[in-house]
Amino acid sequence: MIPEVLQQHDTIVAVATAPGRGAISVVRLSGPDAFGIAARHLRQMPSHPRTAHLCEVFRGDEKLDEALVTLYPAPNSFTGDDTVEFSSHGGNLVPASIVAALTESGARQALPGEFTRRAVLNGKLDIIQAEAIGDLIDARSHIMQRTALDQLDGGLSRRLTALRDSLLELESLIAYDVDFPEEDDGPIPRARIETAAESVLASLDQLLLTVPVGEIVREGAVVVIAGPPNVGKSSLFNALLGKSRAIVTEIPGTTRDALEGVIDTGKWPLRLVDTAGLRETGDLIEQLGIEVSERYLAGAQVVLACAESAASLDQIKEVVGKRTEAPVVSVRTKADLVANGEKLPPSAIAVSAETGLGLKELLGAIDRVIDRRQGFIPPDVPILTRARHRKALDSARGDVAQFLDAWRMQRVPVTIAAAHLRTAISELEELIGTFEVEDVLDRLFSSFCVGK
Ligand code: GDP
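Residues numbered from 1 in each chain as written. Predicted model: local features only at pLDDT ≥ 70, side-chain atom pairs only at ≥ 80, totals over all residues. Heavy atoms only, no water.

If you tally the helices and strands in the protein, you get 16 helices and twelve strands. The proportion of buried residues among the 452 residues of the protein is 49%. Counted over contacts in the protein with a minimum sequence separation of 6, partners at least 24 positions apart contribute 65%. For the protein, the computed accessible surface area is about 22,000 Å², with 53% contributed by carbon and sulfur atoms. (Helix = DSSP H or I, 4+ residues; strand = E, 2+ residues; numbered from the N terminus. Buried < 20%, exposed > 50% of the residue type's maximum accessible area, 1.4 Å probe, protein only. Contact = heavy atoms within 4.5 Å. Areas by Shrake-Rupley, 256 points an atom, 1.4 Å probe, with all protein chains shown as cover.)

A separate point is helix α12 (residues 313-321). Among all positions of α12, only Leu313, Ile316 and Val320 are buried. Looking down the long axis of α12, one finds its buried residues gathered within 70° of arc, a one-sided arrangement. Looking at α12, the residues exposed on the side facing more than 90 degrees away from the buried face are Gln315 and Glu318. (Arc of directions from axis to C-beta.)

A separate point is the pattern of salt bridges. In the structure shown here, the tally under the stated rule is 24 salt bridges. We note a salt bridge from aspartate 33 to arginine 40, for which the minimum N-O separation is 3.6 Å. In this structure, the salt-bridge partner of aspartate 380 is arginine 159, at a minimum N-O distance of 3.7 Å. Here aspartate 380, found in the loop between α13 (359-374) and α14 (387-409), pairs with arginine 159, found in helix α7 (residues 155-179); they are 221 residues apart in sequence, far enough to count as distant. Ionic contacts of the salt-bridge type, sharing partners, join the residues Asp10, Asp81, Arg108, Glu114 and Arg118 into one network. (Salt bridge = Lys/Arg side-chain N within 4 Å of Asp/Glu carboxyl O.)

With that settled, consider the pairing of strand β8 (residues 259-263). Note: β8 against strand β9 (residues 270-274), five bridges, orientation antiparallel. Residue pairing for β9: glycine 261 is matched across the bridge by leucine 272. Hairpin geometry of β8 and β9 is characterised by an intervening segment of six residues between the two adjacent antiparallel strands. (Pairing = 2+ DSSP bridges.)

Looking now at helix α6 (residues 142-152). For α6, every residue scored as buried is listed here: Ile143, Met144, Thr147, Ala148 and Gln151. When α6 is viewed along its axis, its buried side chains cluster within an angular range of 130° and face the same direction. The first or second residue beyond α6 is glycine 154, which carries a positive phi of 100°.

Read from one edge to the other, the open sheet built from six strands follows the order β8-β9-β7-β10-β11-β12, with strand pairing classed as mixed. A single partner strand is all that each edge strand has here, and the edge strands are β8 and β12 (349-350). By the bridge criterion, five bridges tie strand β7 (residues 221-226) to β9 in an arrangement that is parallel. Each bridged residue has a counterpart across the sheet, and for valine 222 the counterpart in β9 is arginine 271.

This brings us to the sheet that holds strand β1 (residues 12-15). Across the sheet, six strands lie side by side as β3-β4-β5-β2-β1-β6; this open sheet has mixed pairing. In this open sheet, the two strands that pair with only one neighbour each are β3 (53-59) and β6 (108-109). As defined by bridge partners, β1 adjoins strand β2 (residues 24-30) across four bridges and the pair is classed as antiparallel. Following the sheet pairing, valine 15 is matched in β2 by valine 27. The sheet strands contacting helix α3 (residues 93-104) are β1, β2, β3, β4 (62-72), β5 (83-89) and β6, and the helix crosses β5 at an angle near 145°. Helix-sheet contacts for helix α4 (residues 114-121) involve β1, β2 and β6, and the interaxial angle to β1 is about 135°. (Axes fitted to C-alpha atoms, helices over the stretch in contact; angles between N-to-C directions.)

Below, the structure written as structure tokens:
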């Protein structure tokens, strides 16, 4: 670990694009000496800031590349420090040679997430927004992309700051009450403080209600495809996924373990799980498969109970339903093999992995089941996507609730009741990153890529 004192004043460099073959790579150089170091490797510095200039990049007399070079003078850069971006030719060698040249001139290789860390330390972003950048890069679904962009735009930060401000206001009302109990106007009415605390509590509850949705947005809803062997589960999994990941076979019990694949075609990202058959058996490996499927069933958001005859649909749904808390959708597989007019139980969906029949309808039904489970979240309420957010808001909620209890009961001195408010305020401030930033930053950026 590089000591903090050094870190702040170093000029750092890294390839910001993913390694491998590609048309261009971006090398980022940022810090107090960024322009000086860049100048040593360019015959001519770009004449205008924030405008891309085609420049020859040198290491001594050796030409390394022709690159588009852009200067971003502080404070109007991503990090808030002087920054130079080289859009060089891609591949591994060209950008690596530019980084090597810049480090020879005094730049230091950046640590993971160090550019974003500087942006936070320079006040360009708060921690919630820095997390959003990580989420945006890792996004695997359009809803995650949108949620991360809203968070980067400051939606969640604004909501949390407003909550923190309401708590500060409450605290000052109480302080006034403690300091001037004999004022002519009388103390602040107890009911006013109670109502204000209740409203903060309600806002915290509203945010916490988004936690299950946030989990789905981040990880995808777990949709388990369950049923006896050979009914067409793997084929359905592949058809939904649109590519062959599971080994499809006619021998019962060959799907030994659960396979997963994420799809993002509907409203919610779905983590499809193809389970081993639910058949009771003495075969050890098959039993392992069954254990895995039971484990997945317990954590599922939706279960598809598959059967290849209309007659066995209800029975299979019942067996599967006993092993899960999640809503179960009956799926009649291999629908291409039956004559039209087959009578199905209500709400069962007929699909064919062979012809694609019913797949869209099935995906629509899954989305509706998830919608029903989540309940309604107003569009302006930001979604919590990280355990860190949930933990902080959970504790803050606990403290506000304790304050409210103490205030209503009048059992404890006002100053002690107010201590709960102080803790809740600190928790929100740590969450946003108003203070004690370093610790949170260390944890956050350990998962970032270099160059971000
Ligand atoms: P699993 O054991 O439940 O995963 O079943 P598989 O997906 O391995 O399928 C068992 C057999 O049924 C294979 O021979 C598949 O080709 C066949 N099958 C699966 N889905 C369909 C379908 O929609 N139509 C038809 N005609 N055959 C299917």
